[in-house]
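Here is how the chains run, residue by residue.
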Amino acid sequence: GLVDEVVSMHVGVCGPSQRSTRLEQSRCFAKEFLLRHGLPTAPGRTFTDLATAEKYLAAQPLPVVIKADQLEGGDGIFDDRYAALEALRQFFIGSEGVVIEAFLPGVRVAFSALTDGTTSLPLLPLRLYDRLDASEGSVRAPGMGAHTSVSTYATKLTEYMQTRLMQPLVAALAQDGLPYWGFLGMDCIITERGPFITALRCSLHDMEAQVVLPRLRDDLVPLVQAAIARRLDRVQPIDWLNEATVGLTLVAQGYPHHAAYGGPITGLGDLDEGVLVFHHQTTNPAGLRYTPAVKRGPGLLQTLVMGSGVGHGTGGISTTGGHVLTVVARGASLAETRSRALANANRIHFNGRTFREDVGVKEFT
């Protein structure tokens, strides 16, 4: 409700109204919204009654996806009927409803845009890696990695998702009277019939800012100001660096269930120039200073993000959880960028450090 309060005082803010945030906070609301407006999403229904949901579930082919209405309520993919029924009953505890939908095999992609409620300025699609490893049936582990690409396919995918998904989504928000200023995102599965929306977001996805914003040539601030002033229709398309990005998340052994932490992190001072490190679960009791290199560039974001590096030693930084760091590299091609990301990730060490080496092996297939 903070956005509504600020707007009522005639102060500009980059963020959706409280009513609009239901798109992210309530899976049932989002599913009904997608179905009502004919946006591509997995076949399925929402339920507020357990008995009706059980009957529907019994008639669905396996595997099936079940989601509690609230994000913290849980979700899962089930290929066993008994396990699916048990999960359904658990999801109804303390939840206002559930979503039952068909399982869609395919690559998971995130895509966002900056919108003023009428016009949308597309960002870049990224492939997400949210399993602990590449094996089939691997443990779900959010934020293991992501990448963007500079291929012709990536360009066409951006155009397709913008015209077929994002623009209709923004129009649907306006039709339903849901005010929106800021970043609007969607999680999708790339199927043989094209991208299908699996979730809507009111912010950038975990890993999205890390691999998308480093490719931004433009200054981010004027773009945000244009969204607040509802003048995105006067803004030129975003200028992106013609470079791929690969983000590798370094996690401690045992993530996402449990992980030992508190050990020192070494090697942060040995990274190549231009390689970024994003800290997720670290602490710095010694007060390590970061010295952004002042580079003459197109805007504030480039100076702060692209020039940031480690200075004055690396002692004192230690882990505070299992999801520790993300190393992001840029390069002319996806293969070259992946190699650079791997080389730099291998220079960083802490107890139980592990990461997915397959991030960026394949593009969006």
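Residues numbered from 1 in each chain as written. Predicted model: local features only at pLDDT ≥ 70, side-chain atom pairs only at ≥ 80, totals over all residues. Heavy atoms only, no water.

1. Side note on the overall build of the chain
The number of helices and strands found in the chain is 10 helices and 16 strands. The C-alpha radius of gyration computed for the chain amounts to 21 Å, which stays within 12% of the reference 21 Å derived for 365 residues, consistent with globular compactness. In terms of overall dimensions, the chain has C-alpha extents of about 60 × 50 × 40 Å along its principal axes. By the burial criterion, 48% of the 365 residues in the chain qualify as buried. Contacts spanning at least 24 positions in sequence make up 71% of the contacts within the chain whose residues lie at least 6 apart. By element, 52% of the accessible surface of the chain is carried by carbon and sulfur atoms, the whole surface being about 17,200 Å². Treating the 33 positive side-chain charges of the chain as one cloud and the 36 negative ones as another, the clouds have centres 3 Å apart. (Helix = DSSP H or I, 4+ residues; strand = E, 2+ residues; numbered from the N terminus. Rg over C-alpha atoms; globule rule 2.2 N^0.38 Å. Buried < 20%, exposed > 50% of the residue type's maximum accessible area, 1.4 Å probe, protein only. Contact = heavy atoms within 4.5 Å. Areas by Shrake-Rupley, 256 points an atom, 1.4 Å probe, with all protein chains shown as cover. Lys, Arg positive; Asp, Glu negative; His and termini not counted. Charge placed at Lys NZ, Arg CZ, Asp CG, Glu CD.)

2. Concerning the packing of aromatic side chains
Any two aromatic rings considered together are summarised by their centre-to-centre distance and by the angle between their planes. This structure, assessed with the given rule, holds two aromatic pairs. Ring geometry for phenylalanine 47 and tyrosine 56: centres 5.0 Å apart, planes at 50°, overall tilted. Note on tyrosine 56: relative accessible area 18%, which makes it buried. (Phe/Tyr/Trp six-rings, centres within 6.5 Å; stacked < 30°, edge-to-face > 60°.)

3. A word on the packing of helix H4 (residues 50-58) against helix H5 (residues 81-92)
In the contact formed by H4 and H5, the axes pass within 11 Å of each other and the chain directions differ by 155°. With respect to their mutual orientation, H4 and H5 come out roughly antiparallel. Like other packed secondary-structure pairs, H4 and H5 cross with a definite hand, here right-handed. Residues Leu50, Ala53, Glu54, Leu57 and Ala58 of H4 form the contact with H5, whose participating residues are Arg81, Ala84, Leu85, Leu88, Arg89 and Phe92. For the contact of H4 with H5, a count of residues per class yields eight nonpolar, no polar and three charged. (Axes fitted to C-alpha atoms, helices over the stretch in contact; angles between N-to-C directions. Parallel < 35°, antiparallel > 145°, perpendicular 65-115°, else oblique. Left-handed = near helix turned anticlockwise from the far one by under 90°. Nonpolar A, V, L, I, M, F, W, Y, C, P; charged D, E, K, R; others polar.)

4. A closer look at unusual backbone geometry
The bulk of non-glycine residues show a negative phi, and the bulk of peptide bonds are trans. Geometrically, the link from leucine 62 to proline 63 is a cis peptide bond, its omega value of -5° lying close to zero. Mapped onto the secondary structure, proline 63 falls in the loop between H4 and strand S2 (64-68). With a phi close to 60°, histidine 10 is a non-glycine residue in the positive phi region. Relative to the elements of secondary structure, histidine 10 occurs in the loop between helix H1 (2-8) and helix H2 (22-25).

5. A look at the sheet that holds S2
What the four strands build is an open sheet, ordered S1-S4-S2-S3; its pairing is antiparallel. At either end of the open sheet lies a strand with only one pairing partner, and these are strand S1 (44-47) and strand S3 (75-78). Averaged over neighbouring strand pairs, the angle between their axes works out to 15° when direction is ignored. Alignment of S2 against strand S4 (residues 98-102), held across five bridges, turns out to be antiparallel. Paired with isoleucine 66 across the strands is isoleucine 100, a residue of S4. (Pairing = 2+ DSSP bridges.)

6. Observations concerning the pattern of salt bridges
All told, the structure shown has 15 salt bridges when counted by the stated rule. Residue glutamate 101 is joined to lysine 67 by a salt bridge in which the shortest nitrogen-to-oxygen separation is 2.9 Å. With a gap of 34 residues between them, glutamate 101 in strand S4 and lysine 67 in strand S2 connect regions that are remote in the sequence. Summarising the burial analysis for this pair, glutamate 101 and lysine 67 share the class buried. The partner of arginine 108 in a salt bridge is aspartate 187, with the nearest N and O atoms 3.4 Å apart. Here the residue arginine 108 occupies a position in strand S5 (residues 107-115), and aspartate 187 occupies one in strand S9 (residues 182-191), the gap between them amounting to 79 residues. Residue arginine 108 is classed as buried on the basis of its relative accessible area, which comes to 19%. When its relative accessible area of 5% is taken as the criterion, aspartate 187 is described as buried. (Salt bridge = Lys/Arg side-chain N within 4 Å of Asp/Glu carboxyl O.)

7. Things to note about the pairing of strand S15 (residues 323-331)
Every regular strand shows the same layout, with side chains that alternate between the two sheet faces. Along S15, eight of the nine residues are buried, which leaves the element largely enclosed by surrounding structure. Judged from the eight bridges that link them, strand S11 (residues 244-252) and S15 form a sheet pairing that is antiparallel. Directly across from leucine 250, in S15, lies its bridge partner leucine 325. One ladder, built from four bridges, connects strand S12 (residues 276-279) with S15; its direction is antiparallel. Residue pairing for S15: valine 277 is matched across the bridge by valine 327.

8. Structural notes on the confidence of the model for the chain
The predicted coordinates of low-pLDDT regions are not to be read in fine detail. With 92% of its residues at a pLDDT of at least 70, the chain reaches an overall mean of 91. Segment residues 290-313: pLDDT under 50, and 44 contacts once partners within four positions in sequence are set aside and those in other chains are kept. (pLDDT = per-residue confidence, 0-100.)

9. Describing the nonpolar core
If you look at the biggest cluster of nonpolar residues, it comprises 29 residues, and the most contacted ones within it are Phe33, Met166, Leu169, Met186, Ile197 and Leu200. When contributions to this core are tallied by element, the ones reaching two or more residues are helix H3 (27-36), S5, helix H6 (152-175), S9 and strand S10 (194-201). Residues in contact with leucine 200, not counting those within four places in the same chain, are Leu23, Glu24, Ala30, Phe33, Leu34, Leu169, Gly185 and Met186. (Core = buried A, V, L, I, M, F, W, Y, C linked by side-chain atoms within 4.5 Å.)

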